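Coordinate analysis (summary)
Chain by chain, the residues:
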Amino acid sequence: MQIIIHRGTHQIGGCATEIRTDSTRILIDFGTELPDAEGNVSSDTLKIAGLNCGKADFDGVFLTHYHGDHIGLVSGIMEPIPIFLGEAAIDILTAFSERAQNSYKDISGRLRPLAALKPITVGDIRVMPIPADHSAYDAYMFLIEAEGKRILHTGDFRLHGFRGKATPKLLYQYAQGIDVLVIEGTQLLRDARQTMSELELQKEISKEIRSHKYVFALCASTNIDRLASFYNATPRGKYFVCDKYQKSLLDVIAAKSGSRWYQFDKALVYGENLKLRERGFVMPVRANRSFRKIISMYPEAVLIYSMWEGYLDGRSPELSQFVLPFEETGNIRHLHSSGHATLMDTQIICNAVMPKKELFPSIQRMEKLSKN
């Protein structure tokens, strides 16, 4: 069995990992590269023979989750190669495709649903999806078995989210003593003490919501855990209101999840019939003209910026311009928790599975980093 890292070792995002045997080829993730610190995006399109050029020669593509740096290039995958993604994630991607210019509608007929701990066999490769806590709902790690070898590909994950504590237990049960561990290293050079847990973040969000009558929440429309924190922190007597697109995503999750945390049954669609000024509200927003118009009606409102700070360092001029009025008035709060593993999280996973070999980061590198 061979592992080929086509991209993803020297930058964050743009991941693509091939695993092949003598008779079968699969790919894990096929994403676009993230913009650099100046906001520039590489124009170099990754070409993989048999996947998006030449003659189709892959038996399947497995997607860990729906973020663009992991799925952004999937529209170029040749037919009839099947594409596997979590069932709820497919519904989220479908809702996103109905409004996005970069649509994934052309691959909808080839999407195959994944279910937690339900193995799928493609050729002579067996893939078991293991639930992962990430800022994308319905994300998975993959346990891959073929030719007497076992590989764990983590994709993006964290242990400080609402479901993070379950991950080491699942890996201890299903993935101990693997041959190779392919693990994310997004936050290896960051101080774990600066990473707030989702529970800690939810408490801070609740304080801000109770302290201000009008609250706008700027976060990714698909960061379901963060939206759940805003929704569940909204007290009785105050509206949680959003646009039709955001409501459609929340409805998808409510239908798939059995947890009360994700029901969103009191979320309302923005409209003139709501007495927003009288009762107050919490409103998830995105950086576009429609929301700027609504925001202009509430100059006393507070904006909670709940996204990666790096977007405001030149990578996203649109976001920087959107938050500028709040920065000028001081009515902005930066409350965010990363969707990625800390150094300690990475060490915990390595200890849980006890791999014979790691593909970045190595145990030695992690120990060195933790001492610096």
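Only a predicted model underlies this, so the values are computations on that prediction, with no experimental measurement involved.

The rules we used
- Residues numbered from 1 in each chain as written.
- Predicted model: local features only at pLDDT ≥ 70, side-chain atom pairs only at ≥ 80, totals over all residues.
- Heavy atoms only, no water.
- Helix = DSSP H or I, 4+ residues; strand = E, 2+ residues; numbered from the N terminus.
- Expected span 1.5 Å × (residues − 1).
- Buried < 20%, exposed > 50% of the residue type's maximum accessible area, 1.4 Å probe, protein only.
- Contact = heavy atoms within 4.5 Å.
- Axes fitted to C-alpha atoms, helices over the stretch in contact; angles between N-to-C directions.
- Parallel < 35°, antiparallel > 145°, perpendicular 65-115°, else oblique.
- Left-handed = near helix turned anticlockwise from the far one by under 90°.
- Phe/Tyr/Trp six-rings, centres within 6.5 Å; stacked < 30°, edge-to-face > 60°.
- Lys NZ or Arg CZ within 6 Å of the ring centre and 35° of its normal.
- Pairing = 2+ DSSP bridges.
- Arc of directions from axis to C-beta.
- Patch = residues over 30% accessible without salt bridge, like charges linked within 9 Å, V, L, I, M, F, W, Y side chains within 5 Å.
- Areas by Shrake-Rupley, 256 points an atom, 1.4 Å probe, with all protein chains shown as cover.
- Salt bridge = Lys/Arg side-chain N within 4 Å of Asp/Glu carboxyl O.
- Lys, Arg positive; Asp, Glu negative; His and termini not counted.
- Charge placed at Lys NZ, Arg CZ, Asp CG, Glu CD.
- Nonpolar A, V, L, I, M, F, W, Y, C, P; charged D, E, K, R; others polar.

With that settled, the discussion passes to helix α6 (residues 244-256). If you check α6, its first and last C-alpha atoms are 19 Å apart, about what 13 residues at 1.5 Å a residue would give, namely 18 Å. Along α6, the positions that sit buried rather than exposed are Y245, Q246, K247, L249, L250, V252, I253 and A254. Residues of α6 that are buried sit in contact with α2 (87-97), α5 (224-233), β13 (239-242), β14 (268-269) and β15 (281-285).

This next bit is on the packing of helix α4 (residues 198-211) against α5. Orientation of α4 relative to α5, taken along the N-to-C sense of each, is 40 degrees, at an axis distance of 9 Å. Comparing their axes, α5 and α4 come out oblique. Crossing hand, α4 versus α5: right-handed. Packed against α4, whose contacting residues are E198, L201, Q202, I205, S206 and I209, the element α5 presents D225, R226, S229, F230, N232 and A233 at the interface.

Applying the stated rule across the entire model yields 12 aromatic pairs. Taking the centre distance of 4.4 Å and the plane angle of 10 degrees together, the rings of F62 and F84 count as stacked. Here F62 is found in strand β4 (residues 60-62), whereas its partner F84 is found in strand β5 (residues 83-86), with 22 residues between them in sequence. There is no split in this pair, since F62 and F84 are both buried. F62 sits in the buried class, given a relative accessible area of 0%. The rings of Y214, F216, F281 and Y298 are connected pair by pair, giving a single aromatic cluster. Sitting over the face of the ring of Y239, R279 holds its NZ or CZ atom 4.4 Å from the ring centroid.

Spatial strand order, β14-β13-β15-β12-β16-β17: six strands in an open sheet with parallel pairing. Each of the sheet's edge strands pairs with one partner strand only, and the pair in question is β14 and β17 (332-334). Relative to β15, β13 is paired through two bridges, and the arrangement is parallel. Residue pairing for β15: F240 is matched across the bridge by V282. Packed onto the sheet, α6 meets β13, β14 and β15 and runs at close to 110 degrees relative to β13.

Structurally, E208 is set in helix α4. Overall, E208 belongs to the buried group, its relative accessible area being 18%. In sequence terms E208 and R333 are 125 residues apart; their C-alpha atoms lie 8.5 Å from each other. Not counting the four nearest positions on each side in its chain, E208 is found in contact with V215, I304, R333 and L335.

Mapped onto the elements of the fold, R20 is located in strand β2 (residues 16-20). R20 sits in the partly exposed class, given a relative accessible area of 26%. Every residue in contact with R20, bar those within four places of it in the chain, is listed here: M1, Q2, I4 and R25.

The subject of this paragraph is α4. The periodicity of an α-helix, 3.6 residues per turn, causes residues three or four positions apart to be oriented the same way. Relative to the 20 Å expected for 14 residues at 1.5 Å per residue, α4 spans 20 Å between its end C-alpha atoms, a close match to the ideal helical length. Of the positions making up α4, those classed as buried are E198, L201, Q202, I205, S206, E208 and I209. Along the axis of α4, the buried residues cluster in a sector spanning 165 degrees; they form a single face. Counted as exposed and oriented over 90 degrees from the buried face of α4: K207, R210 and S211. Elements in contact with the buried residues of α4: β12 (214-218), α5, β15, β16 (302-305) and β17.

Taken together, the side chains of D22, D59, D124 and E147 present a region of like negative charge at the surface. Along the chain, the position of D124 falls in the loop between β7 (120-122) and β8 (125-132).

Attention shifts here to the packing of α2 against α6. In contact at an axis separation of 10 Å, α2 and α6 are set at 165 degrees when each is read in the N-to-C sense. Taken together, the axes of α2 and α6 lie roughly antiparallel to each other. In this structure, α2 crosses over α6, and the sense of that crossing is right-handed. Residues E87, A88, D91, I92, A95 and F96 of α2 form the contact with α6, whose own contacting residues are Y245, S248, L249, V252, I253 and K256. Looking at the contact of α2 with α6, its residues break down into eight nonpolar, one polar and three charged.

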